[in-house]
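Structural description and commentary
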Amino acid sequence: LLAKLLGSSGINAEYGQHYYITNNLRMGQIVSTTDFQYKYDDEPHATRRKEILAKHPEIKTLFGPDPYMKFLVPLIVIFQLVTAYYVIQLPGWAIFILSWALAGTFNHNLSLAIHEISHNLAFGHSSPMMNRFIGFVANIPLCVPSSITFKKYHLDHHRYQGDNTLDVDIPTHLEGYFFYNTFTKLIWVLLQPLFYSFRPLFVHPKPIETLEIANTIWTVGWNYLIYNFIGGWALVYLGGGTLLGLGLHPMAGHFIAEHYTFVKGQETYSYYGPLNILAWNVGYHNEHHDFPYVSWSRLPKVREMAPEFYEMPSYSSWSWVIYKYITDPEIGPYSRVKRGMPAAATGDEKKAE
């Protein structure tokens, strides 16, 4: 009711091939959405995959790992470590700014490299341990062990998109309850890396794997080496880059852009903007979910080969997505599609269903 009194609208406007939602913005508006959108069908991309391949079987020629990724990741890691050595000699304010602008950008790049590697797109399915190792390498500047745990949960996100329990990419009801207006959504965006990291432990905890322990030992060991050979401020710079780069940062717009329902009924969105070059083309997200074994460098070709399947709402700015998420009273943590019964459903309702 308050949102209506303050004034809001959800008018779709189309500019070229990109779709936007406009509304009357006033700071502090309360989110009007109070629950998730529920569907009772199957995850959509498996069906799309069959339809696309039936019409465009040539897309299968794009399957397979990227031949350059195993070389690019170590180079980016070396760049981060060398940069840390020089940056920590600057004043504190400069370290903070560069931690957001430089370390944040390239640590986010490495976190998205880990995303690619989780699909075995560095060495291919025939070399799983080599993929895990290059994931360990990408994890070094992040200062937080994540490579193995991310893979463990991310593949479920693909198989069971929107599942009430198995897709831990979806915010919890607690997040929807507490982060309900412009100010609190800003806090949510700032703390997004913490929610992203700890949400799986509460929503769908899994047994700790041996490789997760190895990943932790590896990361802590590298933190120790960085502390001793470069300095404590290097850990602050790199670790701060992880926190800042995955929070209120243009690169982090993809977290919201990928699956938040800015357009009712559409579950997955692509982004066709310039930051894809730093993000391993993760913006081609419909293409990625349709064909998760097409590497980042070939994802644009999927759209080229089957353009009629990608004529749908998309984005050209991740910064705009973040701004819109924070200020639009129609968008919030509840703006996601779930599959299964709402949490409030009673036993009788489940039986009736």
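Up top is the structure.
Read on for an overview of the structure.

Calculation criteria
- Residues numbered from 1 in each chain as written.
- Predicted model: local features only at pLDDT ≥ 70, side-chain atom pairs only at ≥ 80, totals over all residues.
- Heavy atoms only, no water.
- Helix = DSSP H or I, 4+ residues; strand = E, 2+ residues; numbered from the N terminus.
- Contact = heavy atoms within 4.5 Å.
- Areas by Shrake-Rupley, 256 points an atom, 1.4 Å probe, with all protein chains shown as cover.
- Expected span 1.5 Å × (residues − 1).
- Buried < 20%, exposed > 50% of the residue type's maximum accessible area, 1.4 Å probe, protein only.
- Arc of directions from axis to C-beta.
- Salt bridge = Lys/Arg side-chain N within 4 Å of Asp/Glu carboxyl O.
- Axes fitted to C-alpha atoms, helices over the stretch in contact; angles between N-to-C directions.
- Parallel < 35°, antiparallel > 145°, perpendicular 65-115°, else oblique.
- Left-handed = near helix turned anticlockwise from the far one by under 90°.
- Nonpolar A, V, L, I, M, F, W, Y, C, P; charged D, E, K, R; others polar.
- Polar contact = N/O pair within 3.5 Å; in protein donor to acceptor, adjacent residues only side chain to side chain.
- Core = buried A, V, L, I, M, F, W, Y, C linked by side-chain atoms within 4.5 Å.

Some thoughts on the overall build of the protein
Counting its secondary structure elements, the protein contains 16 helices and 6 strands. In the protein, once contacts between residues fewer than 6 apart in sequence are set aside, the share between residues at least 24 apart is 78%. Looking at the protein as shown, the accessible area adds up to about 16,500 Å², and 67% of this sits on carbon and sulfur atoms.

With respect to helix α3 (residues 69–87)
With 19 residues, α3 extends 26 Å from end C-alpha to end C-alpha; this agrees with the ideal 27 Å at 1.5 Å per step. Along α3, the residues that are buried comprise Met-69, Val-73, Ile-76, Val-77, Gln-80, Leu-81, Thr-83, Ala-84 and Val-87. Buried residues of α3 fall within an arc of 165 degrees about the axis and therefore sit on the same side. Facing away from the buried side of α3, by more than 90 degrees, are the exposed residues Phe-71, Leu-75 and Tyr-86. Considering only its buried residues, α3 is in contact with α4 (92–118), α5 (128–139), α10 (210–229) and α11 (232–245).

A word on the pattern of salt bridges
With the rule as written, the count across this model stands at 10 salt bridges. Notably, a salt bridge pairs Arg-48 with Asp-290, separated by 2.8 Å at the nearest N-O pair. Taken together, the residues Arg-48 in helix α2 (residues 44–55) and Asp-290 in helix α13 (residues 285–290) connect sequence positions 242 residues apart. Asp-290 shares its class with Arg-48; the two are buried. Of the charged contacts, one joins Glu-267 and Arg-339 as a salt bridge, the two residues approaching to 2.7 Å between their closest N and O atoms. Note that Glu-267 is positioned in the loop between α12 (253–257) and β4 (270–271) and Arg-339 in strand β6 (residues 337–339), a separation of 72 residues in sequence. When salt bridges that share partners are traced, they join Lys-39, Asp-41, Glu-267 and Arg-339 into one network.

Some thoughts on the packing of α3 against α4
Taken N-terminus to C-terminus, the directions of α3 and α4 make an angle of 160 degrees; their axes are 11 Å apart at the nearest point. On the basis of the axis angle, α3 is roughly antiparallel to α4. In the packing of α3 onto α4, the handedness of the crossing is left-handed. Of the residues in α4, those touching α3 at Met-69, Val-73, Ile-76, Val-77, Phe-79, Gln-80, Thr-83 and Val-87 are Ile-95, Leu-98, Leu-102, Ala-103, Phe-106, Asn-107, Asn-109, Leu-110, Ala-113, Glu-116 and Ile-117. Considering only residue class, the contact of α3 with α4 consists of 14 nonpolar, 4 polar and 1 charged.

Remarks on the side chain of Thr-105
In this fold, Thr-105 is placed in helix α4. The exposure class assigned to Thr-105 is buried, which follows from its relative accessible area of 11%. At 2.6 Å, the side chain of Thr-105 forms a polar contact with the backbone oxygen of Ala-101. The residues touching Thr-105, leaving out its near neighbours within four places in the chain, are Trp-100, His-249, Met-251 and Leu-278.

Points about the nonpolar core
Formed by 49 residues in total, the largest nonpolar core has its most connected members in Met-69, Val-73, Ile-256, Phe-262, Trp-280 and Tyr-325. Looking at this core, the elements that each hand over two or more residues are α3, α4, α5, α8 (182–190), α11, α12 and α15 (318–327). Membership of the second largest hydrophobic core comes to 13 residues, among which are Ile-52, Ile-59, Val-294 and Tyr-310.

Don't take any of this as a statement about function, it's just geometry.
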